Amino acid sequence: MSEVHIIDHPLIQHKLTLLRMEETGPKEFRELTDEVSTLLAYEVTRELPVQEVKIETPLQKTTARMMSGKKLAVVPILRAGLGMLDGILKLIPTARVGHIGLYRDPETLKPVEYYCKLPPDVNERELIVVDPMLATGGSAAAALDFIKKKNPLNIRFMCLVAAPEGVDKLQQEHPDVDIYTAAVDDRLNEKAYILPGLGDAGDRLYGTR
Ligand code: PRP
Ligand code: URA
């Protein structure tokens, strides 16, 4: 069974509360999403391997640790996942970026795929798949099904808010994918929105409706 990491750092919780507030407009919503994504990326990358390297400080030779050149890629689920991308790349600027386009059909609530472009050497990379919302889990599970056909080394899933229903689905269908989230909320409403949630993340990021 995969692990669910709820990152309850005070800075993340404070910024998430601002994201939840109805009066937070698109500009501030984008900035906060960016900031929270950077903070979450700090935790998502915690287990990455480091290696000893020989260096010289201004005073003496020493050995110190650096990341061991592990190949990473960040894959935002379009469109709302894009709002998290730059915040993550601030910490891991050399990561490659893939894109997968899915939207939830408003009638059936099922994910519909419309775009996929991944780095060609995805089978040599560890992936961080990102989407602000894990609601029914349909979009994330479908994205992971598709991405796994390209045989990445490992996948982590990162979101801002998850519903218990989405966590259950992802753990059942993708037990090898750890989940990193700032919150697991109460439940879904009848339209599969997360309660209390933060509303429609894509619409709030981009000012659409
Ligand atoms: C939202 C969100 C997830 C999905 C979550 O995207 O960004 O991708 O819904 O719901 P699920 O877990 O029930 O699948 P949406 O379909 O609204 O598309 P958008 O990113 O283009 O706004
Ligand atoms: N997608 C969103 O953007 N918000 C939700 O609450 C559920 C799905």
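Above: the structure in question.
Residues numbered from 1 in each chain as written. Chains lettered and ligands numbered in written order. Predicted model: local features only at pLDDT ≥ 70, side-chain atom pairs only at ≥ 80, totals over all residues. Heavy atoms only, no water.

## Overview of the site of ligand 1
Alright, step 1. Surveying the vicinity of ligand 1 reveals 15 residues, the closest of which are Arg104, Asp131, Thr136, Gly137 and Ser139.
Alright, step 2. Residue Ala80 places a main-chain N or O atom 2.9 Å away from an oxygen atom belonging to ligand 1.
Alright, step 3. Ala135 is positioned with one of its backbone polar atoms (N or O) 2.9 Å from an oxygen atom of ligand 1.
Alright, step 4. Alone, ligand 1 offers 500 Å² of accessible surface; in the complex the protein occludes 91% of this.
Alright, step 5. Because more than half of its atoms lie within 2 Å of the grid, ligand 1 is assigned to the largest pocket.
Alright, step 6. Elements with a minimum of two residues in the shell around ligand 1: β6 (99–104), β9 (133–134) and α4 (138–148).
Alright, step 7. Per-class residue counts for the shell around ligand 1 are six nonpolar, five polar and four charged. (Near = heavy atom within 4 Å. Polar contact = N/O pair within 3.5 Å; in protein donor to acceptor, adjacent residues only side chain to side chain. Areas by Shrake-Rupley, 256 points an atom, 1.4 Å probe, with all protein chains shown as cover. 1 Å grid on protein atoms, 1.4 Å probe; cavity = no way out; pocket = protein on both sides within 12 Å on 5 of 7 lines; lining within 4 Å. Sits in = over half its atoms within 2 Å of the grid points. Helix = DSSP H or I, 4+ residues; strand = E, 2+ residues; numbered from the N terminus. Nonpolar A, V, L, I, M, F, W, Y, C, P; charged D, E, K, R; others polar.)

## Digging into the site of ligand 2
Alright, step 1. Around ligand 2, the surrounding shell consists of Arg104, Met133, Ala135, Ala192, Tyr193, Ile194, Gly199, Asp200 and Ala201.
Alright, step 2. One nitrogen or oxygen atom from the main chain of Ile194 is found 2.8 Å from an oxygen atom belonging to ligand 2.
Alright, step 3. Between Gly199 and ligand 2, the recorded distance is 2.8 Å, taken from a backbone N or O atom to a nitrogen atom.
Alright, step 4. For ligand 2, the protein covers 89% of the area, taking 230 Å² as the surface of the free molecule.
Alright, step 5. Using a 2 Å cut-off from the grid points, one finds that ligand 2 occupies the largest pocket.
Alright, step 6. When the residues that make up the shell around ligand 2 are grouped by side-chain class, the tally is six nonpolar, one polar and two charged.

## What to know about the packing of aromatic side chains
Alright, step 1. Per the stated rule, a full pass over the model turns up one aromatic pair.
Alright, step 2. Arranged with centres 6.0 Å apart and planes meeting at 40°, the rings of Tyr103 and Tyr114 form a pair that is tilted. Taken together, the residues Tyr103 in strand β6 and Tyr114 in strand β7 (residues 111–117) connect sequence positions 11 residues apart.
Alright, step 3. A relative accessible area of 45% places Tyr114 in the partly exposed class. (Phe/Tyr/Trp six-rings, centres within 6.5 Å; stacked < 30°, edge-to-face > 60°. Buried < 20%, exposed > 50% of the residue type's maximum accessible area, 1.4 Å probe, protein only.)

## Observations regarding the side chain of Ser2
Alright, step 1. Mapping Ser2 onto the fold places it in the segment before β1 (4–6).
Alright, step 2. Within the local environment of Ser2, its side chain forms a polar contact with the backbone oxygen of Val177, the two atoms lying 3.2 Å apart.
Alright, step 3. Residues in contact with Ser2, not counting those within four places in the same chain, are Gln171, His174, Pro175, Val177 and Asp178. (Contact = heavy atoms within 4.5 Å.)

## Re the nonpolar core
Alright, step 1. In this structure, Leu19, Leu40, Val74, Ile88, Met158 and Leu198 are the most contacted members of the largest nonpolar core, which totals 36 residues.
Alright, step 2. Every element with two or more residues in this core is listed here: α1 (10–20), α2 (26–44), β4 (72–78), α3 (82–89), β8 (126–130), β10 (154–162), β11 (178–184) and α6 (201–206).
Alright, step 3. Among the elements that make up this core, the one with the highest residue count is α2 (six residues).
Alright, step 4. For Met158, the residues in contact, after removing those within four places along its chain, are Ser37, Leu40, Ala41, Val44, Met84, Ile88, Ile128, Val129, Val130, Asp131 and Tyr180. (Core = buried A, V, L, I, M, F, W, Y, C linked by side-chain atoms within 4.5 Å.)

## So, the pattern of salt bridges
Alright, step 1. Within this structure, the stated rule accounts for 12 salt bridges.
Alright, step 2. A salt bridge links Glu173 to Lys169, with the nearest nitrogen and oxygen atoms 2.8 Å apart. One end of the pair, Glu173, and the other, Lys169, are both in helix α5 (residues 164–173), four residues apart, so they sit about a helical turn from each other.
Alright, step 3. Because the salt bridges share partners, they merge into one network encompassing Lys71, Asp121, Glu124 and Arg125. (Salt bridge = Lys/Arg side-chain N within 4 Å of Asp/Glu carboxyl O.)

## A short note on the packing of α1 against α2
Alright, step 1. One can describe the packing of α1 onto α2 by two numbers: an axis separation of 10 Å at closest approach and a directional angle of 155°. Between α1 and α2, the interaxial angle falls into the category roughly antiparallel. Crossing of α1 over α2 shows left-handed handedness. On α2, the residues that touch Leu11, Ile12, Lys15, Leu16, Leu18 and Leu19 of α1 are Phe29, Leu32, Thr33, Glu35, Val36, Leu39 and Leu40. (Axes fitted to C-alpha atoms, helices over the stretch in contact; angles between N-to-C directions. Parallel < 35°, antiparallel > 145°, perpendicular 65-115°, else oblique. Left-handed = near helix turned anticlockwise from the far one by under 90°.)

## Considerations on unusual backbone geometry
Alright, step 1. Look at the link from Leu78 to Arg79: it is a cis peptide, with omega at 0°.
Alright, step 2. Following the sequence through the fold, Arg79 ends up in the loop between β4 and α3.
Alright, step 3. Across the junction of Leu195 and Pro196, the peptide omega takes the value -5°, indicating a cis bond.
Alright, step 4. Among the structural elements, Pro196 can be located in the loop between β13 (194–195) and α6.

These results come straight from atomic positions and should not be treated as a statement about function.
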